Amino acid sequence: MAEASIALKLQDNFSQAIINMRNACTPFRSDVTELQKELDRLNGKRVDLKVDLTRAKNELAQARRAFKEAEAGTDEMEKATKRAALAAAEADYSNLTEQLSVVSQQARRTQRDIDAASDAASRADNRAGARNNGGAGSGGAAGGDVLGTLGKAGLMGMLGQS
């Protein structure tokens, strides 16, 4: 009688891949935390700048009124003083407007970075979760389901017949 033997060696490379993917998500999460702190700081600075900008806008309007009143008069010294005050108020307003613009751009960029890091972490989690849940969508089984797949393929029946 002919004797047939089959040697089957199973090696679990799947678990290590899942662990590696989960570990890869950790830096994304810490990046998101740091980026969120930066965004909070920028938003606080933006609020302060908006308050300062409102104050500067009021001061500019007041300086313009004072300058118009001084122009109607004949005192040249008062005109020069009011002109200098108007120029200082315009420079302050312009400076605050530019600072607000820069901080707003940084906040938008930081928000985009948060979104990108969150998306990357989510994708990595989804990949790890899909593989951990039996490889849905991959057409095959994963991890501990190898014997189940072999059984579906009829290999278990073939082993039993020998």
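As the structure is a computational prediction, the values presented were derived from the model and not from experiment.

Draft legend 1. The overall build of the protein chain, seen in detail. A tally of regular secondary structure across the protein chain gives four helices and zero strands. Starting at the N terminus and ending at the C terminus, the protein chain contains elements arranged as α-α-α-α. Expressed as a percentage of its 162 residues, the buried residues of the protein chain come to 20%. Contacts spanning at least 24 positions in sequence make up 77% of the contacts within the protein chain whose residues lie at least 6 apart. About 11,600 Å² of surface is accessible on the protein chain, with carbon and sulfur atoms providing 52% of the total.

Draft legend 2. Molecular detail of the environment of Gln106. Topologically, Gln106 is positioned in helix α2 (residues 76-132). Separated by 64 residues in sequence, Gln106 and Leu42 have C-alpha atoms that sit 7.5 Å apart.

Draft legend 3. Looking closely at the nonpolar core. Grouped together as the largest cluster of nonpolar side chains are twelve residues: Val32, Leu39, Leu42, Leu49, Leu53, Ala56, Leu96, Leu100, Val103, Ala107, Ile114 and Ala117. Put simply, the parts of the chain that give this core at least two residues each are α1 (14-72) and α2. In this structure, Ala56 is in contact with Asp92, Tyr93 and Leu96, ignoring residues within four places of it in sequence.

Draft legend 4. Inspection of the pattern of salt bridges at higher detail. Taken as a whole and judged by the stated rule, the model has six salt bridges. In this structure, Arg41 and Glu38 form a salt bridge, with 2.6 Å as the shortest nitrogen-oxygen distance. Taken as a pair, Arg41 and Glu38 lie in helix α1 at a separation of three residues, close to a single helical turn. Between Glu90 and Arg64 there is a salt bridge whose closest N-O contact spans 4.0 Å. One end of the pair, Glu90, is in helix α2; the other, Arg64, is in helix α1, and 26 residues separate them in sequence. Owing to a relative accessible area of 43%, Arg64 belongs among the partly exposed residues under this scheme. Each member of the salt-bridge network shares a partner with another, and the members are Arg55, Glu59 and Asp92.

Draft legend 5. Main features of the side chain of Lys79. On the secondary structure map, Lys79 appears in helix α2. In contact with Lys79, other than residues within four places in its own chain, are Phe67, Ala70, Glu71 and Gly73.

Draft legend 6. Expanded view of the confidence of the model for the protein chain. Mean pLDDT over the protein chain works out to 76, with 60% of the residues at or above the 70 mark. For the protein chain, the element scoring lowest by mean pLDDT is helix α4 (residues 155-161), at 50; α2 scores highest, at 84. Every residue in residues 131-144 scores below 50 in pLDDT, and together they form 17 contacts with partners more than four places removed in sequence or on other chains.

Draft legend 7. Main features of the environment of Glu34. Within the secondary structure, Glu34 is located in helix α1. For the pair Glu34 and Ile114, spaced 80 residues apart in the sequence, the C-alpha separation amounts to 9.2 Å.

Rules used in this analysis
Residues numbered from 1 in each chain as written. Predicted model: local features only at pLDDT ≥ 70, side-chain atom pairs only at ≥ 80, totals over all residues. Heavy atoms only, no water. Helix = DSSP H or I, 4+ residues; strand = E, 2+ residues; numbered from the N terminus. Buried < 20%, exposed > 50% of the residue type's maximum accessible area, 1.4 Å probe, protein only. Contact = heavy atoms within 4.5 Å. Areas by Shrake-Rupley, 256 points an atom, 1.4 Å probe, with all protein chains shown as cover. Core = buried A, V, L, I, M, F, W, Y, C linked by side-chain atoms within 4.5 Å. Salt bridge = Lys/Arg side-chain N within 4 Å of Asp/Glu carboxyl O. pLDDT = per-residue confidence, 0-100.

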